[in-house]
Amino acid sequence: MSHSPLLTELTVRDVDADDEAEVRDLVVAAFGQEAEADLVYKLRHCGALVLEQVAVAEDGRILGHVSYSRVTPRAIGAGQSMQVTCLAPVSVWPAYQKQGIGSALITASLDRLKAMGEDLVLVLGHPAYYPRFGFDAALARQVTGPYAGNAFMALALTAAGRGNLPIEVAFATPFEEFE
Ligand SMILES: CC(C)(COP(=O)(O)OP(=O)(O)OC[C@H]1O[C@@H](n2cnc3c(N)ncnc32)[C@H](O)[C@@H]1OP(=O)(O)O)[C@@H](O)C(=O)NCCC(=O)NCCS
C-alpha cells in the first residue's frame, strides 16, 4: 500500500469476490486489530450483508470499505414490515483518512440503500461523525435492542422509517460474538 496523498478520482462500487483479501487488509489496518475484519467475514458468509461497497482510486486500489447488515424488526404491527439495516464497520486506510473518503463512501452507499427501498439505517459510532449524514441519536431512542446511548443513532430513508416507530430489533448473529 503506497502512502501517497490521494490525487485521483474516487469511485464507489459493490464489492466483488476478488476484493476479499484486499478488504480484509484494509479493515485490519483501519482498526489496528482483526476483530472487525472477522466480523465482516462472518456477516458476509452468513448471508447477513444487505450491501457491501468499496471506494476505489483511479488505479484500482481499494481505499475504503463499508458494509450494511440486515436488522430484523421484532415489532408487531407496522414496524414489522420495515427494512432495517446496520452500518458497520466502515474503514479507510489510515494514510488516507480525513480526506473525505469515508464521507463519500457513506453518502453514496446510503443513496444506494434508499434506492433499494431500505427504510431505516442504524449505526453504533462516534456521535461527532455520523450526524453529518443525518444519523440521529434521538430517533434511535425509539429503537429498542442491545444498544443504547448517544453512540446509537438512526437515519430514516423513507416515511415508514420515520413513522413506524417505536420498534424492537435484533441484529445479525455475528454481532453477538463481537460484543
Ligand atoms: C471513521 C473513518 C471511516 C472515517 O473516514 P475518513 O475518510 O477519515 O472520514 P472523512 O474524511 O470523510 O471525515 C473526516 C472527519 O471524520 C472525523 N472522524 C474520523 N474518525 C472519527 C472518529 N473515530 N470519531 C470522531 N470523528 C471522527 C474526523 O475528525 C473528521 O472530522 P471533520 O470533518 O469535522 O474534520 C476512518 O477514520 C476510519 O477508518 N477509522 C478507523 C476505523 C473506525 O473507527 N471506523 C468507524 C467505526 S465503525
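Structural data are supplied above this passage.
Nothing here was measured: the structure is a model prediction, and the numbers come from that model.

Enquirer: Any details on the environment of proline 166? Residues and values, ideally.
Expert: Within the fold, proline 166 resides in the loop between helix 5 (159-163) and strand 8 (167-170). For the pair formed by proline 166 and phenylalanine 133, sequence separation is 33 residues and the distance between their alpha carbons is 21 Å.

Enquirer: Outline helix 1 (residues 20-31), supporting the account with residue identities and numerical values.
Expert: The terminal C-alpha atoms of helix 1 lie 17 Å apart, and with 12 residues this matches the ideal 16 Å at 1.5 Å per residue to within 8%. Along helix 1, the residues that are buried comprise Val23, Leu26 and Val27. When helix 1 is viewed along its axis, its buried side chains cluster within an angular range of 95 degrees and face the same direction. Where the residues of helix 1 are buried, they touch helix 2 (35-45), strand 2 (49-56), strand 3 (62-73) and strand 4 (84-92). Remark: glycine 32 follows helix 1 within two positions and exhibits a positive phi of approximately 70 degrees.

Enquirer: Go over the site of the ligand with me, naming the residues and quoting the values.
Expert: Residues in contact with the ligand amount to 16 residues; listed here are only the nearest, Val92, Lys98, Gly100, Gly102 and Ser103. Glutamine 99 has a polar backbone atom sitting 3.2 Å from an oxygen atom of the ligand. At a separation of 2.7 Å, an oxygen atom of the ligand approaches a polar backbone atom of glycine 102. Relative to its free-state accessible area of 870 Å², the ligand is covered by the protein chains to the extent of 68%. Among the detected pockets, the ligand sits in the largest pocket. Every element with two or more residues in the shell around the ligand is listed here: helix 1, strand 4 and helix 3 (101-115).

Enquirer: How would you summarise the layout of surface pockets if you had to cite specific residues and measurements?
Expert: In this model, the largest pocket occupies a volume close to 820 Å³. In terms of lining, the largest pocket is formed by 33 residues, of which the most central are Phe31, Pro89, Val90, Ser91 and Tyr130. Broken down by secondary-structure element, the contributors of at least two residues to the lining of the largest pocket are helix 1, helix 2, strand 4, helix 3, strand 5 (120-124) and helix 6 (174-178). Of the residues forming the lining of the largest pocket, the biggest block, seven residues, is contributed by strand 4. Here the residues of the lining of the largest pocket sort into 21 nonpolar, eight polar and four charged.

Enquirer: Any chance you could break down unusual backbone geometry for me, citing the residues and the numbers?
Expert: As a rule of thumb, non-glycine residues mostly have phi less than zero, and peptide bonds are mostly trans rather than cis. Omega for the peptide link from alanine 88 to proline 89 comes to -15 degrees, which places this bond in the cis form. As for its placement among the helices and strands, proline 89 is situated in strand 4. Residue leucine 165 is joined to proline 166 through a cis peptide bond whose omega torsion reads 5 degrees. One non-glycine residue, lysine 98, lies in positive phi territory at about 60 degrees. Within the element layout of this structure, lysine 98 appears in the loop between strand 4 and helix 3. Given the relative accessible area of 87%, lysine 98 is considered exposed.

Analysis parameters
- Residues numbered from 1 in each chain as written.
- Predicted model: local features only at pLDDT ≥ 70, side-chain atom pairs only at ≥ 80, totals over all residues.
- Heavy atoms only, no water.
- Helix = DSSP H or I, 4+ residues; strand = E, 2+ residues; numbered from the N terminus.
- Expected span 1.5 Å × (residues − 1).
- Buried < 20%, exposed > 50% of the residue type's maximum accessible area, 1.4 Å probe, protein only.
- Arc of directions from axis to C-beta.
- Contact = heavy atoms within 4.5 Å.
- Near = heavy atom within 4 Å.
- Polar contact = N/O pair within 3.5 Å; in protein donor to acceptor, adjacent residues only side chain to side chain.
- Areas by Shrake-Rupley, 256 points an atom, 1.4 Å probe, with all protein chains shown as cover.
- 1 Å grid on protein atoms, 1.4 Å probe; cavity = no way out; pocket = protein on both sides within 12 Å on 5 of 7 lines; lining within 4 Å.
- Sits in = over half its atoms within 2 Å of the grid points.
- Points joined across faces, edges and corners; volume = space filled by probe spheres on them.
- Nonpolar A, V, L, I, M, F, W, Y, C, P; charged D, E, K, R; others polar.

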